[in-house]
Each structure stands twice: as structure tokens, then as C-alpha cells.
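Structure assessment
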Amino acid sequence: MEWSLKRNCSITPTQLGWLYASMCVVSLAVAGFCWSLGARLVLPFAALELVAVGAAFLAYARHATDRERISLRPGQLVVELETAGRTKRCEFAREWVRVEASGDGGQMIEVRGGGQSVRVGRFLRSDLRPVLAREIRQALRGA
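The structure contained in this document is the topic of the report that follows.

What counts, and where the lines are drawn
Along each chain, residues carry numbers from 1 onward, in the same order as the chain's sequence is written. Owing to the predicted nature of the model, reporting of local features is limited to residues with pLDDT of at least 70; listing and counting of side-chain atom pairs is limited to 80 or more, with chain, interface and lining totals taken over all residues. Note that the side-chain values use all heavy atoms of the structure and ignore hydrogens as well as water. Helix numbers and strand numbers start at the N terminus; a helix is a DSSP run of H or I with at least 4 residues, a strand a run of E with at least 2. Categorising residues by exposure relies on relative accessible area from a 1.4 Å probe, with only protein chains included: less than 20% of the type maximum marks a residue as buried, more than 50% marks it as exposed, and the intermediate range marks it as partly exposed. The contact criterion used is simple: two residues touch if any of their non-hydrogen atoms lie within 4.5 Å. Charge assignment in this entry is limited to Lys and Arg as positive and Asp and Glu as negative, and neither His nor the chain termini are counted. Note on definitions: salt bridges are taken to be side-chain nitrogens of Lys or Arg within 4 Å of carboxyl oxygens of Asp or Glu. In the analysis that follows, any N or O atom pair within 3.5 Å is treated as a polar contact, provided that within protein one partner can donate a hydrogen and the other can accept it, and provided that, for residues neighboring in sequence, both atoms belong to side chains. DSSP-based pairing: two strands are paired if at least 2 bridges between them are found. Note on definitions: angles span 0 to 180 degrees between N-to-C directions of axes, and those axes are lines fitted to C-alpha atoms, for helices only across the stretch in contact.

Within the secondary structure, Arg 67 sits in strand 2 (residues 67-73). A relative accessible area of 18% means that Arg 67 is categorised as buried. If sequence neighbours within four positions are ignored, Arg 67 has contacts with Leu 5, Lys 6, Glu 80, Leu 81, Glu 82 and Phe 123.

Okay, structure coming up:
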């Protein structure tokens, strides 16, 4: 059994790259035309604008593929957290793992066992976190 939680992104990093490239072409073409007409300050400001937009797009793209994967395997529960391209993996013995979520639904789900702890559920609506915690606990009991 496996639960995969990820961001709801409207555009992939590849699509974002193509969008940014097209923005650069159009913006620099207009700025170049203005430069040729004698408006010398348009090009530097257009370049500055493209650098700022590029930095914002890069920050978005680094986290667009963030995800959490919780999988129940024979004898263990595996939690993988991917943030900005780095993956953290925690393995818990099925018999010793504890899954806790607060009753009000506002808190993250905490998975503990064997001296390690990890929080999951950041890509899930707060009202659905207790439901996920219950599903994981039921799957652990039934495994």
C-alpha cells in the first residue's frame, strides 16, 4: 500500500522554462527596438526585470516537484520526503511505529518509531490529515 502526496502545481518546471525563454525573447526584442529608436534605458531595465522574474521562477521550479511518499512494505513503513531535489528516507519497523495526528486537524502527522521521527502531510488539507493518519494506522494493523 502506498500514499503519494505532492504539490498541486499548474505548470511543470519544463513548461516554466519554455515560458521564461519566450518571455525573454519578446521582452528583449521590444527593448532592442526601443534601443534602436534612442530609448537607451529600456534595455537595462528589461534585463533587470528578466533577472528578477527568472529568480522567482527558479524558486518556484525548485519546489514544484516536492512530494511525500509513504509506503507500507512487508515488515516496515517507509517514508520518503523530497524537498528541492533532496530526498530524505526513513524506515520504521511496522511493529514499533506510531502515527499521531491532532484531533483538530491543524497539525502535521507525526510518524515515530525506533528513535526517529518524521512529520508528513504538508501537501494535504488540514481537515484530511486525521483521515490519512487513520488510514495509515488501519493499514499497519491489517498488514
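Anyway, onward from the coordinates.
The next point concerns the side chain of Glu 110. On the secondary structure map, Glu 110 appears in strand 6 (residues 109-113). Buried and unpaired, Glu 110 has no salt bridge, with Arg 112 as the nearest side chain of opposite charge at 4.1 Å. Here the side chain of Glu 110 touches Ser 117 through a polar contact of 2.7 Å, side chain to side chain. Setting aside residues up to four positions removed in sequence, Glu 110 forms contacts with Arg 98, Val 99, Glu 100, Ser 117, Val 118 and Arg 119.

With respect to topology, three strands assemble into an open sheet ordered 5-6-7, the strand pairing being antiparallel. Single-partner strands in this sheet number two, and they are strand 5 (98-100) and strand 7 (116-120). For this sheet, the mean inter-axis angle between neighbouring strands, taken without regard to orientation, is 20°. Two strands pair when backbone bridges link them, and strand 5 and strand 6 are joined in this way by three bridges, in the antiparallel orientation. Across the sheet, Val 99 pairs through a bridge with Val 111, a residue of strand 6.

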